[in-house]
Amino acid sequence: YNLKEFLEYFIETKGKHLKPGTLRNHRVTASHLIAFFGENRTLSSITVGDAEDFRNYLRTYKGDKKRAEATIFKQIRRCREIFGHAVKKEILFK
């Protein structure tokens with residue numbers, strides 16, 4: 001799977017069971033992942049170091065506003081859920 005394919009699969013399968021606001025938040029997280037890694041990046045090529053770089057990317061300024069640490073934490077928590085789902089479905093291995 002590349003990142004875009006998996007995120008589409010994740011949102012399609014998990015989205016059926018999520019409230020609209022939660023689904024929107026997952027879509028926002030997915031868009032950040034694609035913006036940072038690129039849609040063609042394979043899931044298996046994303047390393048722990050890449051995840052740290054992504055966290056730093058989230059800390060960068062967005063326009064004139066800096067993201068709050070709580071917002072960054074929520075984004076990272078959703079990323080853990082997304083990648084955890086890939087492990088659960090044996091698309092990624094620990």
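Scroll up to find the structure.
Here's what I pulled together on the structure shown here. Just so it is clear, the structure is predicted and the values come from calculations on it, not from any experiment.

One pass over the full model with this rule turns up nine aromatic pairs. Here the aromatic rings of Tyr1 and Phe6 are separated by 6.1 Å at their centres, their planes lie at 85°, and the arrangement is edge-to-face. Ring centres 5.1 Å apart and planes at 45° place the aromatic pair Phe36 and Tyr57 in the tilted group. Remark: Tyr57 occurs in helix H3 (residues 48–59) and Phe36 occurs in helix H2 (residues 20–37); sequence separation between them is 21 residues. Within the aromatic cluster, the residues linked to one another by ring pairs are Tyr1, Phe6, Tyr9 and Phe10.

Before going further, it helps to examine the nonpolar core. Grouped together as the largest cluster of nonpolar side chains are 20 residues, with contacts concentrated most on Leu3, Leu33, Leu43, Phe54, Ile82 and Phe83. Elements that contribute at least two residues to this core include exactly helix H1 (3–14), H2, H3 and helix H4 (69–88). At six residues, H4 tops the list of elements feeding residues into this core. Those residues within four positions of Ile82 in sequence are excluded, and the remaining contacts are Phe6, Leu7, Phe10, His26, Thr29 and Leu33.

The next point concerns the side chain of Arg78. With respect to the helices and strands, Arg78 occurs in helix H4. Despite its burial, Arg78 pairs with no opposite charge, the nearest such side chain being Glu81 at 7.2 Å. Polar side-chain contacts of Arg78 include one of 3.4 Å to the backbone oxygen of Asn25. Beyond its immediate stretch of four places on either side in the chain, Arg78 contacts Asn25, His26 and Thr29.

What follows covers H2. Note on helix geometry: an α-helix contains 3.6 residues per turn, so any two residues three or four positions apart are oriented the same way. Taking 1.5 Å as the rise per residue, H2 with 18 residues should run 26 Å; its terminal C-alpha atoms sit 26 Å apart, in good agreement. Taken together, the buried positions of H2 are Leu23, His26, Thr29, Ala30, His32, Leu33 and Phe37. For H2, the elements touching its buried residues are H1, H3 and H4. Just downstream of H2, Gly38 is the residue with a positive phi angle, here 90°.

Taken as a whole and judged by the stated rule, the model has three salt bridges. For Asp50, the salt bridge goes to Arg41, with nearest N and O atoms at 2.5 Å. Ionic pairing is found between Arg59 and Glu69, a salt bridge with its closest N-O pair at 3.3 Å. Of this pair, Arg59 sits in helix H3 while Glu69 is found in helix H4, placing the two residues 10 residues apart along the sequence. With relative accessibility at 48%, the residue Glu69 sits in the partly exposed group.

Conventions adopted
Residues numbered from 1 in each chain as written. Predicted model: local features only at pLDDT ≥ 70, side-chain atom pairs only at ≥ 80, totals over all residues. Heavy atoms only, no water. Phe/Tyr/Trp six-rings, centres within 6.5 Å; stacked < 30°, edge-to-face > 60°. Helix = DSSP H or I, 4+ residues; strand = E, 2+ residues; numbered from the N terminus. Core = buried A, V, L, I, M, F, W, Y, C linked by side-chain atoms within 4.5 Å. Buried < 20%, exposed > 50% of the residue type's maximum accessible area, 1.4 Å probe, protein only. Contact = heavy atoms within 4.5 Å. Lys, Arg positive; Asp, Glu negative; His and termini not counted. Salt bridge = Lys/Arg side-chain N within 4 Å of Asp/Glu carboxyl O. Polar contact = N/O pair within 3.5 Å; in protein donor to acceptor, adjacent residues only side chain to side chain. Expected span 1.5 Å × (residues − 1).

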